[in-house]
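# Observations on the model geometry
Listed below, chain by chain, are the residues.
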Amino acid sequence: MDCSFYNFQIQVIYPCEKNSLDFFSQADELPVYIVVTLMFFSLEKEIGPEQFPVNEHYFGLVNFGNTCYCNSVLQALYFCRPFRDKVLAYKSQPRKKENLLTCLADLFHSIATQKKKVGVIPPKKFITRLRKENELFDNYMQQDAHEFLNYLLNTIADILQEERKQEKQNGRLPNGNIDNENNSPPDPTWVHEIFQGTLTNETRCLTCETISSKDEDFLDLSVDVEQNTSITHCLRGFSNTETLCSEYKYYCEECRSKQEAHKRMKVKKLPMILALHLKRFKYMDQLHRYTKLSYRVVFPLELRLFNTSGDATNPDRMYDLVAVVVHCGSGPNRGHYIAIVKSHDFWLLFDDDIVEVKEENNLLVLTSKTSHCLLGPWLVKLE
Ligand SMILES: [Zn+2]
């Protein structure tokens, strides 16, 4: 494959705001093939043949017109090993009719089976399918990476559940009473096994002290951000006790009337992989539009959740940071997304078709201190 060709194409046709890399601002004047050769050569050389992880591939993804939101999420997911393994296992199953998951499996398989260790791949089939399936993504506008992550995970789960239902109906799986099974909620899929956690919403009536709790499942947690804070602070805010009063009073079953109450959300079941979304795009009533909160939010490389409920099954679970999707730029409908992932002992920066090795110290500066480079969804892997 002629990688330099793809590089050349995206630079000319679809220039995103690549303010994360000074490299290309100078590179425009150079012959393209020299730029590309240098880049691949340096990545492989920088890591070194001895250190380069066996069976690992670092491939950039071609941008098909503001598709950096998609590319960065795909890279983050590719380096979530439990997710990658399941997608590759799906690829090895008997051929199915094309859907978003078969396209994703083809893409992951194509990266995983490349002869070269580094290079560029065009995720054309996946993008075409995505645009065909969801009109939200069927354009050349910048999209929200978090929205895409959510859509992708839910779509994969739906596809798997639908396939399981079909298999049961075809009698390929041992099945009991079909009527019964149709009424029960569908079994969790591997998407749920990897990403799903449970929140418990506790409400305490301030009159009779009765606590009622309601559980709800999540695939990612969205937390509010504030200036000069940390992930821990954001999570604390998420679980802060809220008082329900005046027009927001709570209907207490015990008192049989509306009462003042305390409400708080806690994590009851911690997911295997925690996806954290920092809500940096906020709707401003005065402006009638979304603006970006360019706040500095510090994040640790290891994270323990403390906002767990008393009956949580695994409250001490430690999470290691494996991927960060970063939005660079000033507003929700512009700017550029990149992904920073940890693979073996390396931190890699994926900026569409460009892949670079980064020092851990430089990354922290890039993602938490630079005012225009900020976090989007956050994927953390359990060690
Ligand atoms: Zn009450």
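By convention here, each chain's residues receive numbers from 1 onward along its written sequence. With pLDDT at 70 or above as the cut-off, local features in this predicted model cover only qualifying residues; side-chain atom pairs require 80 or more to be listed or tallied, and sums for whole chains, interfaces and linings still use all residues.

- The name an unreviewed UniProt entry assigns to the protein is Ubiquitin carboxyl-terminal hydrolase, from the organism Anser brachyrhynchus.
- Annotation of the protein in UniProt includes, under Catalytic activity (unreviewed entry), the sentence "Thiol-dependent hydrolysis of ester, thioester, amide, peptide and isopeptide bonds formed by the C-terminal Gly of ubiquitin (a 76-residue protein attached to proteins as an intracellular targeting signal)." UniProt positions are given in the numbering used here, feature names are shortened, and annotations may be inferred rather than shown by experiment.

### Notes on the overall build of the protein
- Each helix and strand counted, the protein has 12 helices and 20 strands in total.
- Expressed as a percentage of its 383 residues, the buried residues of the protein come to 34%. Secondary structure elements follow DSSP: runs of H or I of four or more residues count as helices, runs of E of two or more count as strands, with numbering from the N terminus. In this scheme the burial state of a residue depends on its C-beta neighbours within 10 Å: 20 or more other such atoms mean buried, 12 or fewer mean exposed, and anything in between means partly exposed; the C-beta positions come from the backbone.

### What about the pairing of strand S10 (residues 261–269)?
- Any two strands with at least two DSSP bridges between them are considered paired. Relative to S10, strand S3 (residues 197–205) runs antiparallel, the two sharing eight bridges. From the neighbouring strand, Glu 202 faces S10, where its bridge partner is Arg 264.

### Some words on the packing of helix H4 (residues 68–78) against helix H8 (residues 145–169)
- Interaxial angles span 0 to 180 degrees and are taken between N-to-C directions of axes, which are lines fitted to C-alpha atoms, for helices over the stretch in contact. Where H4 contacts H8, the axes come no closer than 9 Å and their chain directions differ by 55°. With respect to H8, the element H4 is oriented oblique. Judged by the sense of rotation from one axis to the other, the crossing of H4 with H8 is right-handed. Each of Tyr 69, Cys 70, Ser 72 and Val 73 in H4 lies in contact with H8, whose residues at this interface are Ala 145, Phe 148 and Leu 149. Angle categories: roughly parallel below 35 degrees, roughly antiparallel above 145, roughly perpendicular from 65 to 115, and oblique for all the rest. Crossings are sorted by hand: turned counterclockwise from the far helix by less than a right angle, the near helix makes the crossing left-handed, and turned clockwise it makes it right-handed. C-beta atoms are first placed from the backbone for all residues, and any pair lying within 7 Å is then listed as a contact.

### Quick word on the environment of Asn 314
- You can see Asn 314 is positioned in the loop between strand S15 (302–304) and strand S16 (318–328).
- Taking the C-alpha atoms as reference points, Asn 314 and Leu 270, 44 residues apart in sequence, are found 6.7 Å from one another.

### Details of the pairing of strand S12 (residues 281–284)
- Examined bridge by bridge, S12 and strand S13 (residues 289–292) share four bridges and lie antiparallel to one another. Looking across to S13, one finds that Met 284 is bridged to Arg 289.

### A word on the packing of helix H5 (residues 81–91) against helix H6 (residues 100–112)
- The contact between H5 and H6 brings their axes to 8 Å, and the two run at 105°. Relative to H6, the element H5 is oriented roughly perpendicular. The segment H5 lies against H6, with Arg 84, Val 87, Leu 88, Tyr 90 and Lys 91 engaging Leu 101, Leu 104, Ala 105, Asp 106, Phe 108, His 109 and Ala 112.
- Of the residues in the contact of H5 with H6, the class split is eight nonpolar, one polar and three charged. Residues are grouped as follows: Ala, Val, Leu, Ile, Met, Phe, Trp, Tyr, Cys and Pro are nonpolar; Asp, Glu, Lys and Arg are charged; all remaining types, including Gly, are polar.

### Details of unusual backbone geometry
- One non-glycine residue, Glu 209, lies in the positive phi region at around 70°.
- Summarising the element assignment, Glu 209 is placed in the loop between S3 and strand S4 (211–218).

### Describing H6
- Expected span, for any helix, means 1.5 Å times one less than how many residues it has. With 13 residues, H6 should reach 18 Å at 1.5 Å per residue; the first-to-last C-alpha distance of 18 Å fits that figure.
- Within H6 the residues assigned to the buried category are Leu 101, Cys 103, Leu 104, Ala 105, Leu 107, Phe 108 and Ile 111.
- In the core, the buried residues of H6 are packed alongside strand S1 (58–61), H4, H5, strand S2 (118–121), helix H7 (124–133) and H8.

### Section: the environment of Arg 81
- With respect to the element layout, Arg 81 can be found in helix H5.
- The exposure class of Arg 81 is partly exposed, given the 13 C-beta atoms found within 10 Å.
- Through-space distance from the C-alpha of Arg 81 to that of Val 322 is 9.7 Å; in sequence the pair is 241 residues apart.

### A look at the sheet that holds S10
- An order of S4-S3-S10-S7 is seen for the four strands of this open sheet, with the pairing classed as antiparallel. Unpaired on one side and paired on the other, S4 and strand S7 (242–244) mark the two borders of the sheet. With strand direction ignored, the average angle separating the axes of adjacent strands in the sheet is 30°.
- Bridge count between S3 and S4: eight bridges; the pairing is antiparallel. When the sheet's bridge partners are listed, Glu 202 is paired in S4 with Ser 213.

### Considering the confidence of the model for the protein
- Per-residue confidence from the prediction method is given by pLDDT, with values spanning 0 to 100. Averaged over all residues, the pLDDT of the protein is 79; the fraction at 70 or higher stands at 79%.
- For the protein, per-element mean pLDDT is lowest for helix H1 (residues 3–13), which scores 31, and highest for H6, which scores 96.
- Low pLDDT (under 50) marks residues 1–37, which in the prediction has 45 contacts with non-local residues, meaning those over four places away or in another chain.
- Segment residues 369–378 is flagged for pLDDT under 50; beyond a separation of four residues in sequence, or across chains, it makes 40 contacts in the model.

### Digging into the nonpolar core
- Membership of the largest hydrophobic core comes to 72 residues, with the highest contact counts inside it found for Val 73, Ala 76, Ala 323, Val 325, Ile 340 and Val 341.
- Aside from chain neighbours lying at most four places away, what touches Val 341 is Gln 75, Ala 76, Phe 79, Val 322, Ala 323, Leu 348 and Phe 350. A set of buried Ala, Val, Leu, Ile, Met, Phe, Trp, Tyr and Cys residues, joined to one another through C-beta atoms within 7 Å, is what we call a nonpolar core.

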